[in-house]
Amino acid sequence: MSSAVMATTIFGVFMVGAVALGLFAVRGRGGGSGGLAEWSVGGRSLGTVFIWVLMAGESYTSFSYLGAAGWGYNYGAPVLYVVAYMSCGYAVGYVVGPMLWAYAKKHGLVGITDMVAHRYGRPWVGALVALLATVFLLPYIQLQITGMGVVVSTISYGAVSLNWAYFIAFAVTTGFVVVSGLRGSAWVSVLKDVLVIATLAFLAIYVPLHYFDGYGDFFDRVVSEKSDWLTLPGHGGGLGEAWFATTSVLNSLTVVIFPTTVAGYLGARSADALRRNAMLLPAYNVLLFVPMLLGMAAIFVVPGLAGADSNLALFKLVVDSLPAWTVGLIGVAAALSSIVPMAVFMLVIGTMWGRSVLSLVPRLRERQKAASQVVVVVAGALALLMTYTVPNTLVRLSLISYEGMAQLLPMLLLGLLWRKLTLVGGLAGLAVGVGTVCGFVFTDHDPVWGVNAGIIALGLNLLVALALSYLGPQGDPAGEDVLARDPLYGDYDDHDDHGDHDDYGDGRDGGDGGRGDRGESSPARS
């Protein structure tokens, strides 16, 4: 059997298994026919282990195999910002996660668009945030499709074309997420984590021994020949201490309100599960050092990679030296690292639109889950189509994804903590922040004076929001009922089910109870 056939066969078997596992996840839970809360946030019933693998899976993407190795290959030390911001983000999430979980559970909410609509008492605000968040999330779906396509084409030794690999990524992900939702993603994350940990542990030992005489010789060569890669601003410059610090701070704050992160929060069985999860997740970051180091090892083994080819640094080492069956397994781990986060991105976009945009149409308000599932397919198909036709458009948009999403921090997080923040102030700050980010990024002025442009935009955003909240039209300040509190100190029960009963402030039901889907009630917590 040829290497291409062997690796492709192993990959195919595992992809079928991943879809089957995702579908199996809803066995005994109505066959995937539960309400919107069951589909979008797992019925708020996932325990510490499932939340851990789900949120680790959402953060450990194809970037970890491709981008992290590519950054290690091209720049060196600056890539450590990923470990820095994720670790700090987990610490922030220890506080923020339980607050958002309790707030959403009390009022029957299933995402950030629900939260802003409830906080400001205006359903159209949720629709506006859904539109904005979709612009920032679609590039991530496209990047995961592209990443998986590159992996599949590489591990098949070119037997599977990039175009077919892109379609496989879309088909496999859509196949289980439409039916099984967040619960299916969590189950597939278990398979992904087993393979990721096993393959990266193997590569961490194999590559230094095979290509060098161990880590001692490898590090000696890096220090003597590539010392620029070991310190900031890294090889090529431009990413110094100020950029590293501001990017780490901005991303650590943003990750806690990122729609996919919040989906993980809201799927938890209890606030305690989220606190335990926040303590366990940093351990997963240890794995990120492996592709970073292997990317630097590739400098000596496959020198001269440029542009997008540098992202293949790790796989060049794998394909050139390992037997086909091993290449297939490593490819499966990398592919699942695309599929799991892509599934959550698609799920979140579907939920936002079904809940906050399409539900504004009276005829669709009774069919929120069905509408959300249709949007999942449409969002994935749109990203796939643009991958084929205008790939650079979404890649360009991805430059503003994280920095743009950061601009929701004042309106969402500050708004849930401070009752005097007004709708006018929050929207004006959001407009200034997003406009500033786009201006800096699309004129190639990011970083600005060595500082992440997003944090400058966030500062202006916050300044405008506070100024208009103090000096602009006041209106009625928000009541205490629309503020978030940690269940340890507030009036939210950490365990008991309050039911999904509250509203947006305009008479619309905030939960699934008789409103989310025709004839369906809110599922009980298991």
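None of these values were measured; they are calculated from a predicted model.

Applying the stated criterion to the full structure yields four salt bridges. Here Arg 221 makes a salt bridge to Glu 225, at a shortest N to O gap of 3.3 Å. Of the two residues, Arg 221 and Glu 225 both sit in helix H10 (residues 215–225), four residues apart, roughly one turn of that helix. Overall, the relative accessible area of 45% leaves Glu 225 in the partly exposed class. Arg 275 is paired through a salt bridge with Asp 272; the nearest N and O atoms lie 2.6 Å apart. Of this pair, Arg 275 and Asp 272 are both found in helix H13 (residues 271–280), three residues apart, which corresponds to roughly one turn of the helix. Look at Asp 272 and you get partly exposed, because its relative accessible area is 26%.

The next thing to look at is the environment of Val 125. Here Val 125 lies in helix H8 (residues 123–155). Each C-alpha atom of the pair Val 125 and Val 357 lies 9.7 Å from the other, and the pair is 232 residues apart in sequence. Not counting the four nearest positions on each side in its chain, Val 125 is found in contact with Val 116, Met 411 and Leu 423.

Averaged over every residue, the pLDDT of the protein chain is 83; residues scoring 70 or more account for 84%. The least confident element of the protein chain is helix H2 (residues 36–41), whose mean pLDDT is 62; the most confident is helix H23 (residues 453–471), at 96.

Turning our eyes to something else, we now look at the nonpolar core. Counting 149 residues, the largest nonpolar core has Met 15, Met 115, Ile 141, Leu 203 and Phe 315 as its most contacted members. Counting residues per element, this core draws most heavily on helix H16 (residues 324–357), which supplies 19 residues. Once residues lying within four places of it in the same chain are set aside, the contact partners of Leu 203 are Pro 208, Leu 294, Leu 314, Val 318, Leu 322 and Ile 330.

On to the packing of aromatic side chains, then. Within this structure, the stated rule accounts for 19 aromatic pairs. Both rings, one in Phe 212 and one in Phe 300, keep their centres 6.1 Å apart while their planes meet at 90°; by these two values the pair is edge-to-face. Of this pair, Phe 212 sits in the loop between helix H9 (162–211) and H10 while Phe 300 sits in helix H14 (residues 289–301), and the two are 88 residues apart along the sequence. Considered together, Phe 212 and Phe 300 belong to a single accessibility category, that of buried residues. Each member of the aromatic cluster is reached from another via a ring pair, and the members are Trp 71, Tyr 75, Tyr 81, Tyr 85, Tyr 140, Trp 243, Phe 258, Phe 345 and Tyr 402.

The rules we used
- Residues numbered from 1 in each chain as written.
- Predicted model: local features only at pLDDT ≥ 70, side-chain atom pairs only at ≥ 80, totals over all residues.
- Heavy atoms only, no water.
- Salt bridge = Lys/Arg side-chain N within 4 Å of Asp/Glu carboxyl O.
- Helix = DSSP H or I, 4+ residues; strand = E, 2+ residues; numbered from the N terminus.
- Buried < 20%, exposed > 50% of the residue type's maximum accessible area, 1.4 Å probe, protein only.
- Contact = heavy atoms within 4.5 Å.
- pLDDT = per-residue confidence, 0-100.
- Core = buried A, V, L, I, M, F, W, Y, C linked by side-chain atoms within 4.5 Å.
- Phe/Tyr/Trp six-rings, centres within 6.5 Å; stacked < 30°, edge-to-face > 60°.

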